[in-house]
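# Working through the structure, step by step
Read off the chains here:
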Amino acid sequence: MSKRRINKIAIIGSGIMGSGIACHFANIGVEVLLLDIVPRALNDKEKAKGLTLEDKEVRNRLVNDALATALKSKPSPIYHEKFASRITTGNLEDDIAKVAHVDWIMEVVVEKLDIKKQVFEKLEKHRTPGTLITSNTSGIPIKFMSEGRTDDFQKHFCGTHFFNPARYLKLFEIIPGPKTDASVLEFLNGYGEQFLGKTSVVAKDTPAFIGNRIGIFSIMSLFHTVKDMGLTIEDVDKLTGPVIGRPKSATFRTVDVVGLDTLVHVANGIAENCKNDERLELFKLPDFINTMMENKWYGSKTGQGFYKKVKGDDGKSEILSLDLDSMEYRASKKAKFATLELTKSVDKVIDRFEILVSGKDKAGEFYRKTFAALFAYVSHRVPEISDELYKIDDAMKAGFGWEHGPFQIWDAIGVEKGIELIKAENLQAPDWVNEMLSAGNNSFYTIKEGATYFYDIPSKSQEKVPGQDAFIILDNIRKSNQVFKNADVVIEDLGDGILNCEFQSKMNTIGGDVLAGLNKAVDIAEKNFEGLVIGNQGANFSVGANIGMIFMMAVEQEYDELNGAIKYFQDTMMRMRYSAIPTVSAPHGMSLGGACELSMHADKVVAAAETYMGLVEFGVGVIPGGGGSKEMALRASDTFRKGDVQLNVLQEYFLTIGMAKVSTSAYEAFDLGVLEKGKDIVVVNKDRQIATAKAHAKLMAEAGYTKPVKRNDVKVLGKQALGMFLVGTDSMEAAHYISEHDQKIANKLAYVMAGGDLSEPTLVSEQYLLDLEREAFLSLCTERKTLERIQHMLKTGKPLRN
């Protein structure tokens, strides 16, 4: 059988989901045909133009407007604005025949079975046999949708459920119909993971599938608990947010964003179609939800939900909270619990759960109640919604942004302790959990030789979670493969002669121990290994240098120590470039300041698509001092070509630093010059990143990597460039676009990137530029306004303009 490839897809329906999915396929290089219905009436604008219902502009209005709205939305559904050109729009009357030439047809129309069936009937007339055809339904049974269609249609038909927003949420549920061919499921499972960057989960055709069945239960359970325990919405959002590895929006803010009407629609669907669910009563809406639905308080889309943004008399915005007793909005109340204070020193979320369920206050009681309900519920859903328990965890992590799935949390608390909590709430765990313990299995998961195993109920044994071979999970190998460790770094042996240097500092900031760890990693790799990866699997690669350390040295005027610290940072970055082994950086998430400088000095960057990268030092009143300013001057020099106006090229690189630009994806980072085309690459699935970086390090080593020769051919433009920059900053300050202190920082950067006030363009060494950079950085650290900026950033996490 020939290998199936997806070069072109037709998306039918251009609403929020349809346009979002179209953008994500465009993100990965697939050609997209996006179709929607033809309008039945002209709008005022079209009437004024004298258009008719036959004009193409009118006939494609719905699809074009929907796509334009999606492309303007924040956060953006597209990795790079140029990728939108991969999407062609059309309508279901003039362009439906074009589906004959695509590799996959995906229906994303309104959630009504009769309409979906009509669409499939039309599509089948034009579909080429063998073409994949799927539905993005979030809950309509798959078996009903393909009724009456041909055998070939049914064989290639299933549900493919993306979560909104399609670019950012990783869950990709695949739901087979009665006649779906096994090869189709296998293909989609692999394609979702490798190409779309998703966590693919093959689910059963049960109401709301896996993610929404558990996610909606969890939210509905909290809706009842908040009233039973007399908690406020702020209390619940504090207890169900980052402290337990959930998104900042926690529970009630998340409902406001998603829309209460959407949540109620899914909850009602579960209540109507799951009459045998042992917790059916929890899917019945509490009175306060009914009141909100009557008032159309759906959340962000209607301007108010559990929270409401208002402007005070002083013109400042304020967020009000809904009091669930009076059903009136009031000023927000700060939530505080003694149990949460006990977890402040516990960095790893997984280590907090045991502390949380032992709490003596209302928070402890809340966690005991809610985890007991969750554990009982998920364990009763096996095998109803999934035969394998790991799929439930995968779905909750990928679809709802939970750091740990329910069974992983249960393991962290202890399976026996979890059963105690369940019994204390007069609930019951299913027999299979007790049988598991009786058979000597004390956990749902185990780690063996770097791989994750799960408890398989039919065989009553631990089975390997499938699909791991393309991944390296650092949590699984850290203890067994550790080569070196200090307070902030672990160096692991990835196998095949490649080391990994993993940051473990708070927010993965780069301080003295991280720099020592990086140097140690190069030492060990040069002596006994073939290559080095710098990567971790935290929420972010690194937020940059430890500015707290810089602040303390500057305040105490320890300028010699500060000079030494900056020199050490610069030397470490240069070691990344000039070592005897290939170095590969693997940034993801926030990769700012010093983390960006580190990646710029590696031999290669394997960036996750969701990498937000930039040199942001201006925000704290300094210039990049770890080689970033030097490197941007070098990269500008390398792009000077005959006929170029070299000053203009240099200015682009200067502005990237001066405006503290940060990419909104790895692809944008190429535009900023912090990633380089032809050298650095992007991976869509972050789970594959470390393995891919390792493969590239190995490839470079096998190709005969030789330590590079230090550069002394960096062309700087001297006074010619410096004069242009100084005139520019002068006029910006005079027009009040920048502050006097901003001008001072910009002038220091100008001096470095121009190579000083040399009388003519000159070739200089990297070290020459590094010395200028360090001198400029240190002089800015003596400025009161710089210290104010650093202090403000440390307190608020936000830049100050002074």
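Look up: the structure comes first, before these words.
Residues numbered from 1 in each chain as written. Predicted model: local features only at pLDDT ≥ 70, side-chain atom pairs only at ≥ 80, totals over all residues. Heavy atoms only, no water.

### Overview of the overall build of the protein chain
When helices and strands are counted, the protein chain shows 33 helices and 25 strands. Each principal axis of the C-alpha atoms in the protein chain carries an extent, and together these give about 80 × 70 × 65 Å. Taken across its 802 residues, the protein chain has 54% of its residues classed as buried. Considering only residue pairs separated by 6 or more positions, the protein chain has 69% of its internal contacts joining residues 24 or more positions apart. Here the protein chain displays about 34,900 Å² of accessible surface, and carbon together with sulfur accounts for 51% of that area. Measuring between centres, the 99 positive side-chain charges of the protein chain sit 2 Å from its 108 negative side-chain charges. (Helix = DSSP H or I, 4+ residues; strand = E, 2+ residues; numbered from the N terminus. Buried < 20%, exposed > 50% of the residue type's maximum accessible area, 1.4 Å probe, protein only. Contact = heavy atoms within 4.5 Å. Areas by Shrake-Rupley, 256 points an atom, 1.4 Å probe, with all protein chains shown as cover. Lys, Arg positive; Asp, Glu negative; His and termini not counted. Charge placed at Lys NZ, Arg CZ, Asp CG, Glu CD.)

### Observations concerning the packing of aromatic side chains
Within this structure, the stated rule accounts for 35 aromatic pairs. With a centroid separation of 5.8 Å and 15 degrees between ring planes, the pair formed by Y367 and F371 is classed as stacked. Remark: F371 and Y367 occur in helix α16 (residues 362-380); sequence separation between them is four residues, near one turn of the helix. Judged by relative accessible area, which is 0%, Y367 ranks as buried. With a relative accessible area of 3%, F371 lands in the buried category. Ring centres of F407 and W432 lie 6.3 Å apart, and the angle between their planes is 45 degrees; on these two criteria the pair is classed as tilted. Of this pair, F407 sits in helix α18 (residues 406-413) while W432 sits in helix α20 (residues 431-438); the two residues are 25 residues apart in sequence, bridging distant segments of the chain. Classification of W432 as buried rests on a relative accessible area of 8%. Put simply, the rings of F353, F366, Y367, F371, F375, F407, W410, W432, F444 and Y455 touch in pairs and so form one group of aromatic residues. (Phe/Tyr/Trp six-rings, centres within 6.5 Å; stacked < 30°, edge-to-face > 60°.)

### Description of the pattern of salt bridges
Evaluated as defined, the whole model comprises 54 salt bridges. Across the salt bridge formed by D469 and K464, the nearest N and O atoms sit 3.4 Å from each other. Looking at D469, the relative accessible area reads 70%, which means it is exposed. For K464, a relative accessible area of 38% gives the class partly exposed. (Salt bridge = Lys/Arg side-chain N within 4 Å of Asp/Glu carboxyl O.)

### A look at the side chain of T729
Structurally, T729 can be placed in helix α30 (residues 719-734). For T729, a relative accessible area of 6% corresponds to the buried category. Those residues in contact with T729 that sit more than four places away from it in its chain are I738, Q743, A746 and N747.

### Digging into α16
Compared with an ideal rise of 1.5 Å per residue, which puts 19 residues at 27 Å, α16 spans 27 Å between its outermost C-alpha atoms and is within 8% of the ideal. Among the 19 residues of α16, 14 are classified as buried, and the element is accordingly described as predominantly covered. (Expected span 1.5 Å × (residues − 1).)

### Considering the environment of K520
Along the chain, K520 turns up in helix α22 (residues 512-528). Spatially, the C-alpha atom of K520 lies 8.7 Å from that of I491, the residues being 29 residues apart in sequence. Excluding its chain neighbours within four sequence positions, the residues that come into contact with K520 are F484 and I491.

### Focus: the sheet that holds strand β23 (residues 681-683)
The strand order across the open sheet built from seven strands is β15-β16-β17-β18-β19-β21-β23, with neighbouring strands paired in mixed fashion. What marks the edges here is a single partner per strand, and that holds for β15 (482-485) and β23. Across the sheet, the mean angle from the axis of one strand to that of its neighbour is 20 degrees, orientation sign disregarded. Examined bridge by bridge, strand β17 (residues 498-503) and strand β18 (residues 531-535) share four bridges and lie parallel to one another. Paired with I498 across the bridge in β18 is G531. (Pairing = 2+ DSSP bridges. Axes fitted to C-alpha atoms, helices over the stretch in contact; angles between N-to-C directions.)

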